[in-house]
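Fold and contact review
Read off the chains here:
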Amino acid sequence: MKQVFSAFALLKQGLAGQRGWREQWRSPEPKSAYDAVIIGGGGHGLGTAYHLASEHRLANVAVLEKGWIGGGNTGRNTTIIRSNYLFDESTALYDHALKLWEGLSQVLNYNVMFSARGVMMLAHTVHDVQIIKRHVHANRCNGVDNEWLTPKEAKAFCPPLNVEDNIRYPVMGAALQRRGGTARHDAVAWGYARAADTLGVDIIENCEVTGILRDAAGHVEALETSRGLIRTRKIGVCAAGHTSVIMNRVGVRLPLESFPLQALVSEPIKPVLPCVVMSNGIHAYVSQSDKGELVIGAGTDAYTSYTQRGALHVNTHTLEAICELFPTFRRLQMLRNWGGIVDVTPDRSPIIAKTPVPGLYVNCGWGTGGFKATPGSAQVFAWTIAKDEPHPINAPFTIERFRDGTLIDEAAAAAVAH
Amino acid sequence: MLLIECPYCGVRPELEFVYGGEAHIARPAAEAKATDAQWADYLYARTNTRGVHAERWRHTRGCGRFFNALRDTMTDQFVATYRIGEARPADAAPEGNP
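We now turn to the structure provided with this report. Here the structure is a predicted model, which is why all the values come from computation and not from measurement. (Residues numbered from 1 in each chain as written. Chains lettered and ligands numbered in written order. Predicted model: local features only at pLDDT ≥ 70, side-chain atom pairs only at ≥ 80, totals over all residues. Heavy atoms only, no water.)

On to the sheet that holds strand β9 (residues 209-214) of chain A. All names here are of chain A. Taken in spatial order, the three strands make up an open sheet running β9-β10-β11, and their pairing is antiparallel. Looking at strand neighbours, the two that pair on one side only are β9 and β11 (228-231), the edges of this open sheet. Pairwise comparison of adjacent strand axes, ignoring direction, gives a mean angle of 20 degrees for this sheet. One ladder, built from four bridges, connects strand β10 (residues 220-225) with β11; its direction is antiparallel. (Pairing = 2+ DSSP bridges. Helix = DSSP H or I, 4+ residues; strand = E, 2+ residues; numbered from the N terminus. Axes fitted to C-alpha atoms, helices over the stretch in contact; angles between N-to-C directions.)

Moving on: the interface of chain B and chain A. Taken together, the contacts link 28 residues of chain B with 25 residues of chain A. When chain B packs against chain A, the two sides together hide about 2,200 Å² of surface, and 50% of this comes from carbon and sulfur. Broken down residue by residue, the surface that chain B buries against chain A is led by B:Tyr44, B:Asn48 and B:Arg50, which jointly contribute 30%. Counting the contacts that link chain B with chain A gives one salt bridge. Residue B:Asp41 pairs with A:Arg253 through a salt bridge whose shortest N-O separation is 3.3 Å. At the surface where chain B touches chain A, the tally comes to 16 residue pairs in polar contact (both at pLDDT 80 or more). Looking at the side of chain B that touches chain A, the elements with two or more residues in it are β3 (18-22), α1 (36-43) and β4 (52-58) of chain B. By residue number, the principal contributor to the side of chain B that touches chain A is α1(B), which donates four residues. (Contact = heavy atoms within 4.5 Å. Buried area = accessible area lost by both parts, 1.4 Å probe. Salt bridge = Lys/Arg side-chain N within 4 Å of Asp/Glu carboxyl O. Polar contact = N/O pair within 3.5 Å; in protein donor to acceptor, adjacent residues only side chain to side chain.)

Once that is clear, we can look at the side chain of A:Gln288. Residue and element names in this part refer to chain A. For Gln288, the position within the fold is in strand β15 (residues 284-288). By relative accessible area, which is 5% here, Gln288 ends up buried. Polar side-chain contacts of Gln288 include one of 3.1 Å to the backbone nitrogen of Leu273. Look past the residues within four positions of Gln288 in its chain and what remains in contact with it is Arg117, Ile269, Lys270, Pro271, Val272, Leu273, Glu293 and Leu294. (Buried < 20%, exposed > 50% of the residue type's maximum accessible area, 1.4 Å probe, protein only.)

The subject of this paragraph is the pattern of salt bridges. All names here are of chain A. The tally for this structure, following the rule as stated, stands at 21 salt bridges over all chains. A salt bridge links Arg227 to Glu29, with the shortest nitrogen-to-oxygen separation between them at 3.1 Å. Of the two residues, Arg227 is situated in the loop between β10 and β11 and Glu29 in the loop between α1 (7-15) and β1 (36-39); the sequence distance between them amounts to 198 residues. Classification of Arg227 as partly exposed rests on a relative accessible area of 32%.

This brings us to the nonpolar core. Residues and elements named next belong to chain A. If you look at the biggest cluster of nonpolar residues, it comprises 46 residues, and the most contacted ones within it are Leu46, Leu52, Trp101 and Val201. Contributing elements (two or more residues each) for this core: β1, α2 (43-54), β2 (61-64), α3 (88-108), α6 (185-198) and α9 (374-387). Ranked by the residues each element gives to this core, the list is headed by α6, at seven residues. Other than its neighbours up to four places away in sequence, Leu52 contacts Ala36, Ile38, Arg57, Leu58, Val61, Ala382, Ile385 and Ala386. Membership of the second largest hydrophobic core comes to 29 residues, among which are Val220, Leu223, Ile235 and Leu254. (Core = buried A, V, L, I, M, F, W, Y, C linked by side-chain atoms within 4.5 Å.)

What follows is the structure, encoded as structure tokens:
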């Protein structure tokens, strides 16, 4: 039976000594067959299963997760949410997600702590100013909020920011997307898991896919897993950094490379940073969590790897930039750092598409910025799996765009990973 | 930071090098006849190996030369480095996803 979270439920449980809460989702044994199976229990995979059950009425769906749900990039990213991309296709995809973020807590009956505190992107050179203004205008033409701030206006919105002109890369202005912000990453995985489970989706953890079997016509028919054979005619791959490992098993080579991406947090302090601040130019990404830690995103290492750790000089580079922008942060100690494995495409746009193998669908290539797209990605990927054709929003995000030359080149637009 | 053995200069810190991506990817021989799919495979598709990976590095801040390396992407340990034009060392574990 559904366990509704509300002020009334909290009061009732408080009076009962908090002993009546039940587990938020089941831990079922895998069945022998499903209508559809999602590989990967992160936000994108769990969200896809939720939409398959809620929107497309597939009764018999499973999510297979090699480790524990939300233990990959969903639990490792820096939770920045924004939709201020340059190209029309990207804006449509990311703004679709942002609109879903705004109501997600209510839809899932789970507080994902979405906080539209504003995302500020800094310009440090004349080139930065030109390209960021171009982004602002492109966004406004597409109906996405974004505005240009002078250094003085940026300082007023974000008081700890150093806008003096005596630093190595002075702030020459900034773009501000007020609807952007952050959310609680773990709650996104848990909220989708609970909502999907309530609709009958089996969430199976500690279950690694070791093979994909196809019938005589080439259509997928079953999965070999560490917990036995599972029959299904529809498979959705949401395996982020490990997508190539799974797709190589059915002989599909993708334009993906997996890199370690690091993040770190400081010791918790009182509220000091009111918004998200990003600088592509000097590579700094920082926000403050509701716990008080500064959450800092560093860069990717230069080489492909599956180790979930990176080199210290990558973090040092980011911290030097942040200390220059926020001199008051110099005395803070860093509490912990970690890495995740991100799958990067040549144009830095994702692939959400059918594959050459009938019945096999893939949602990958989110690179360093997939968290922000979670609700939108999940919704259009579920559509693609259920109807065997892409939703209009993800139709441009094919594998074939690399063959046909129809790239969505956000890599060139941002000049760095984004 | 990795320590990388340049076949010309010896062991040096990673910051002296630039990564050059997957090694041994051959450009289509008959360029005029190659299909769009063959070009896409050459330009963009990668094995993205989880395990021993053959890759190029360039000793940019040293001798400036390209060379190849075998590195285990599950541990980041180098198995071997070898010069451009030399065959992939035979004693290394076979490439492919475990």
